[in-house]
Amino acid sequence: MAAKQKILVVTGTGTGVGKTVLSGLLVRRLVRLGRTVRAFKPLCSGGRGDARVLEAALNGSQTLEDINPWHFEASLSPALAARLERRVVTLQEVVAHVRRHSDQVEQTLVEGAGGLLSPLTADGDTRDLIVRLRAVPLIVASNRLGVIHDVRATLGCLPPSLRSSVPVVLMAPASADTSTVRNARSLSEYHPADRIVEIPRVSEAIQSGVGSPSVALNRKLDQILRLLAI
Ligand SMILES: Nc1ncnc2c1ncn2[C@@H]1O[C@H](COP(=O)(O)OP(=O)(O)OP(=O)(O)O)[C@@H](O)[C@H]1O
Ligand SMILES: [Mg+2]
């Protein structure tokens, strides 16, 4: 692994909050900035769409099998979906895969599954993976009513040493509610304001790389990368 490389683990308050959208944007941004990148969605369940998003963002520099070595049929947490197929994946296998395949690159991004505490492997969750990889986490949440609770609960479950520095990214929901414009400010009563970033709706074209992100969106992505010190 390249000297001093920090592994980024993209986790969140739950499923469907925008982890993959943000991961794809960050990977594309790093590639655009000329950085060597590896990305992983080590465990997929109910389809490999997330891994394919990363594969596309990486411009073919990494195979689908390498991005996503373990995949299961059922739309359940990976740990439960694996159990239905009588398969066992351990944290150690995931850690070994990520470490082995991120050798020599400047940046590595790993997308968890579901939320921080969702069952990931037979013996652990994304929090355990963060600890085992000595990774820097990033929390993604959907910017809608209830997000203050969801983010505070997730922050509270992070190892204390990582809590205050973790970036929190609020992803714009398909339809905003009354709380959407207020959530970042409300959250700043509990978490440093400069570590909370709001990402607007991003078109399919930009998500897929057909269109280019605006200057404003790139600024936000660069802000997140700075917060992660990568
Ligand atoms: N900022 C955004 N702009 C446009 N669409 C978004 C945005 N954030 C999330 N979405 C949409 O919301 C849905 C869920 O997002 P995404 O797949 O990134 O969530 P996830 O947290 O990765 O989910 P999972 O737990 O299944 O991995 C997708 O249809 C995605 O395109
Ligand atoms: Mg995802």
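Within each chain, residues carry numbers counting from 1 in the order of the written sequence. Ligands are numbered from 1 and chains lettered from A, in the order in which they are written. Only residues with pLDDT of at least 70 are given local features in this predicted model, and only at 80 or more are side-chain atom pairs given and counted; all residues enter the totals for whole chains, interfaces and linings. Each side-chain value is worked out from all heavy atoms of the structure, with water and hydrogens disregarded.

1. Here we look at the coordination of the magnesium ion (ligand 2)
Because no water is among the atoms considered, metal sites can look incomplete, with donors defined as N, O and S atoms within 2.8 Å of the metal, or 3.2 Å for Na, K and Ca. Protein coordination at the magnesium ion (ligand 2) comes from Thr20 (OG1), Asp50 (OD) and Glu111 (OE), with a distance range of 2.0 to 2.2 Å. Read in sequence order, the donor residues coordinating the magnesium ion (ligand 2) give the pattern T-x29-D-x60-E. With Thr20 in helix H1 (residues 19-32) and Glu111 in strand E5 (residues 107-111), this pair connects stretches of sequence that are 91 residues apart. Labels follow the DSSP assignment, with helices taken as runs of H or I lasting at least four residues and strands as runs of E lasting at least two, numbered in each case from the N terminus.

2. Remarks on a nonpolar patch on the surface
Distance thresholds for patches are 9 Å for like charges and 5 Å for nonpolar side chains (Val, Leu, Ile, Met, Phe, Trp, Tyr), applied to residues having over 30% relative accessible area and no salt bridge. Surface exposure here means Shrake-Rupley accessible area, sampled with a 1.4 Å probe, where a residue is shielded only by the protein chains that are shown. Salt bridges are defined by distance alone: a side-chain nitrogen of Lys or Arg within 4 Å of a carboxyl oxygen of Asp or Glu. Taken together, the side chains of Leu76, Leu80 and Leu84 make up a nonpolar region of the molecular surface, amounting to roughly 280 Å² of accessible area. Take Leu76: it is sitting in the loop between strand E4 (70-72) and helix H4 (78-84). Three labels apply to residues, based on accessible area from a 1.4 Å probe with only protein chains included: buried if under 20% of the type maximum, exposed if over 50%, partly exposed otherwise in between. Using a relative accessible area of 40% as the deciding quantity, one classes Leu76 as partly exposed.

3. Notes on the pattern of salt bridges
Here the structure, examined in full by the defined rule, presents five salt bridges. A salt bridge links Asp50 to Lys41, with the shortest nitrogen-to-oxygen separation between them at 3.1 Å. Since its relative accessible area comes to 6%, Lys41 is described here as buried. Note that Arg87 and Glu85 form a salt bridge whose closest N and O atoms lie 3.2 Å from each other. Using a relative accessible area of 34% as the deciding quantity, one classes Arg87 as partly exposed.

4. Overview of the packing of H1 against helix H2 (residues 49-57)
To define axes, lines are fitted to C-alpha atoms, for helices over the stretch in contact only, and angles between the resulting N-to-C directions are given on a 0 to 180 degree scale. For the pair H1 and H2, interaxial distance at closest approach is 9 Å and the crossing angle is 15°. In terms of axis orientation, H1 runs roughly parallel to H2. Relative to H2, H1 is oriented so that their crossing is right-handed. Taking contact as the criterion, the partners of Thr20, Ser23, Gly24, Val27, Arg28 and Val31 in H1 are, on H2, Asp50, Val53, Leu54, Ala56 and Ala57. For the contact of H1 with H2, the residue count by class is six nonpolar, three polar and two charged. Angle categories: roughly parallel below 35 degrees, roughly antiparallel above 145, roughly perpendicular from 65 to 115, and oblique for all the rest. In this scheme the handedness of a crossing depends on how the near helix is turned from the far one: anticlockwise by less than a right angle means left-handed, clockwise means right-handed. Any two residues whose heavy atoms approach within 4.5 Å are treated as being in contact. Residues are grouped as follows: Ala, Val, Leu, Ile, Met, Phe, Trp, Tyr, Cys and Pro are nonpolar; Asp, Glu, Lys and Arg are charged; every other residue, Gly included, is polar.

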